[in-house]
Amino acid sequence: MSTPTAVRITGPIPASVPSRKPEGTGGAILDATLDGIYETLRLYRHGAFSVPCPSCHVPAGELCRARRSVHNERRRAHRAHLEGTTLVPLLAAPVR
Ligand SMILES: [Zn+2]
């Protein structure tokens, strides 16, 4: 078994170690991520984007006119639509 050896620092020690993430970019990254998620949901008409918005009257598959948000009425309409929907359509269910 070897014994640990001491490391001798020969140069000046930096006052601070630079961060891996540049400052001021967190918001931009989050904005881009949220835009990408909403665009994907809109494209496939998934979630709240599967129903038209009763607040801003956009059709299903379109983004709400509110920036970076989905109107609460649209979310409620989606949840109400889900209550009447079965996960397996009747035609796909096994026949016994
Ligand atoms: Zn809306």
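A few points on the structure. (Residues numbered from 1 in each chain as written. Predicted model: local features only at pLDDT ≥ 70, side-chain atom pairs only at ≥ 80, totals over all residues. Heavy atoms only, no water.)

Turning next to the overall build of the chain. Per the secondary structure count, the chain includes two helices and zero strands. In the chain, once contacts between residues fewer than 6 apart in sequence are set aside, the share between residues at least 24 apart is 31%. Here the chain has roughly 8500 Å² of accessible surface; of this, 60% comes from carbon and sulfur atoms. (Helix = DSSP H or I, 4+ residues; strand = E, 2+ residues; numbered from the N terminus. Contact = heavy atoms within 4.5 Å. Areas by Shrake-Rupley, 256 points an atom, 1.4 Å probe, with all protein chains shown as cover.)

A few words now on the nonpolar core. The biggest cluster of nonpolar side chains holds eight residues, and these are Tyr 38, Ala 48, Phe 49, Cys 53, Cys 56, Val 58, Cys 64 and Val 70. In this structure Val 58 touches Pro 52, Cys 53, Leu 63, Cys 64, Arg 65 and Arg 74, once residues within four positions along its chain are discounted. (Core = buried A, V, L, I, M, F, W, Y, C linked by side-chain atoms within 4.5 Å. Buried < 20%, exposed > 50% of the residue type's maximum accessible area, 1.4 Å probe, protein only.)

Attention now moves to the coordination of the zinc ion. Those protein atoms acting as donors to the zinc ion are Cys 53 (SG), Cys 56 (SG), Cys 64 (SG) and His 71 (ND1), and they sit at 2.0 to 2.3 Å. If you look at the zinc ion, its four donor atoms make angles of 106 to 114 degrees with each other, and the shape they trace is tetrahedral. Sequence positions of the donors to the zinc ion reduce to the motif C-x2-C-x7-C-x6-H. Remark: His 71 occurs in the loop between α1 (26-43) and α2 (72-83) and Cys 56 occurs in the loop between α1 and α2; sequence separation between them is 15 residues. Taking the relative accessible area as the measure of exposure, Cys 56 reaches 11% and is therefore buried. The exposure class of His 71 is partly exposed, given its relative accessible area of 23%. (Donors = N, O, S within 2.8 Å, 3.2 Å for Na, K, Ca; no water. Tetrahedral: all angles 85-135°; square planar, octahedral: opposite > 155°, others 65-115°.)

Relative to the assigned elements, Arg 42 resides in helix α1. A polar contact is formed between the side chain of Arg 42 and the backbone oxygen of Gly 61, at a distance of 3.1 Å. The contacts of Arg 42, once residues within four sequence positions are left out, are Phe 49, Gly 61, Glu 62 and Leu 63. (Polar contact = N/O pair within 3.5 Å; in protein donor to acceptor, adjacent residues only side chain to side chain.)

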